[in-house]
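Spelled out, the chains give:
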Amino acid sequence: DGAPGAPARSEGYVRHVTFEGLNFSDVDYAMYGFNSGWGQLPSADGPPSDAALRVSGGWDVRVTGCAFSRLGGGGVHASNGTRWLDVAASSFEALGESGVVLSGNATSQVVNAPVRDSSFRSVGELLYSSAAVLLTAASHVRVAANDISHTARWAVAFHDEPTGHATFNVVEDNRISDT
């Protein structure tokens, strides 16, 4: 990751990328960044997250019909000002960490990112402070029509940062059980 935050100019974003029908499986686990400035420093990226797919400073990125299974870490982690991320019709099963993490602060939060029509099962098998969908200071996010079960701690979790807030988010029409 290593990015200092959201791109300063719109030309700095990676744009129009689609991940479709990919399988991410049997990826090693490495928990790094454990609370290193999270919630304290403006440049802090967010909670600890080892993810199979990291999106940093992306614009119009789609993750559609992908399978994330038997991972030591998590599924998707978006940060550093990512805009218009769409996670849809994907499956997240037997994950060590969170399924989808959208992290940032006032200057680097993820904005406009639906997480929809996906299934999350057995999330947080190694890092119990995990969620199917975890937002830290992300805004305009819609978590909808997902099937969420057997999570270690949360189905959907929101976390405000001292330097940025999770605002204008909607959680609707999800099927949640055994969390």
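Residues numbered from 1 in each chain as written. Predicted model: local features only at pLDDT ≥ 70, side-chain atom pairs only at ≥ 80, totals over all residues. Heavy atoms only, no water.

A word on the packing of aromatic side chains
Working step 1: What the rule picks out here adds up to four aromatic pairs.
Working step 2: Consider the rings of Tyr13 and Trp59, whose centres lie 5.1 Å apart with planes at 75 degrees: the pair is edge-to-face. Of this pair, Tyr13 sits in the segment before β1 (14-20) while Trp59 is found in strand β4 (residues 58-64), placing the two residues 46 residues apart along the sequence.
Working step 3: Among the aromatic residues, ring-to-ring pairing joins Phe24, Phe68, Phe92 and Phe120 into one connected group.
Working step 4: The ring of Trp59 has Arg15 lying over it, and the distance from NZ or CZ to the ring centre is 4.7 Å. (Phe/Tyr/Trp six-rings, centres within 6.5 Å; stacked < 30°, edge-to-face > 60°. Helix = DSSP H or I, 4+ residues; strand = E, 2+ residues; numbered from the N terminus. Lys NZ or Arg CZ within 6 Å of the ring centre and 35° of its normal.)

Description of the pairing of strand β14 (residues 147-151)
Working step 1: Across four bridges, the pairing between strand β11 (residues 119-123) and β14 is parallel. Residue pairing across strands places Arg121 opposite Ser149, the latter belonging to β14.
Working step 2: Bridge count for β14 against strand β17 (residues 175-177) is three bridges, and the pairing is parallel. Across the sheet, Asp147 pairs through a bridge with Arg175, a residue of β17. (Pairing = 2+ DSSP bridges.)

Quick look at the side chain of Asp60
Working step 1: Mapped onto the secondary structure, Asp60 falls in strand β4.
Working step 2: A polar atom in the side chain of Asp60 sits 3.0 Å from the side chain of Arg62.
Working step 3: Apart from residues lying up to four places away in sequence, Asp60 is in contact with His16, Val17, Arg83 and Trp84. (Polar contact = N/O pair within 3.5 Å; in protein donor to acceptor, adjacent residues only side chain to side chain. Contact = heavy atoms within 4.5 Å.)

Observations concerning the nonpolar core
Working step 1: With 30 residues, the main nonpolar core has Val63, Phe68, Leu85, Phe92, Val100, Leu102 and Phe120 as its most contacted residues.
Working step 2: Setting aside residues no more than four positions away along its own chain, Val100 makes contact with Val76, Val87, Phe92, Val115, Phe120, Ala132, Val133 and Leu134. (Core = buried A, V, L, I, M, F, W, Y, C linked by side-chain atoms within 4.5 Å. Buried < 20%, exposed > 50% of the residue type's maximum accessible area, 1.4 Å probe, protein only.)

Observations concerning the sheet that holds strand β6 (residues 74-79)
Working step 1: Taken in spatial order, the five strands line up as β3-β6-β9-β12-β15 in an open sheet, and their pairing is parallel. What marks the edges here is a single partner per strand, and that holds for β3 (51-56) and β15 (154-159). Recorded for the sheet is a direction-independent mean angle of 10 degrees between the axes of neighbouring strands.
Working step 2: Pairing of β6 with strand β9 (residues 100-102), which is carried by three bridges, proceeds in the parallel orientation. Its bridge partner lying in β9, Val76 is registered against Val100. (Axes fitted to C-alpha atoms, helices over the stretch in contact; angles between N-to-C directions.)

Honestly, it's all geometry; don't read function into it.
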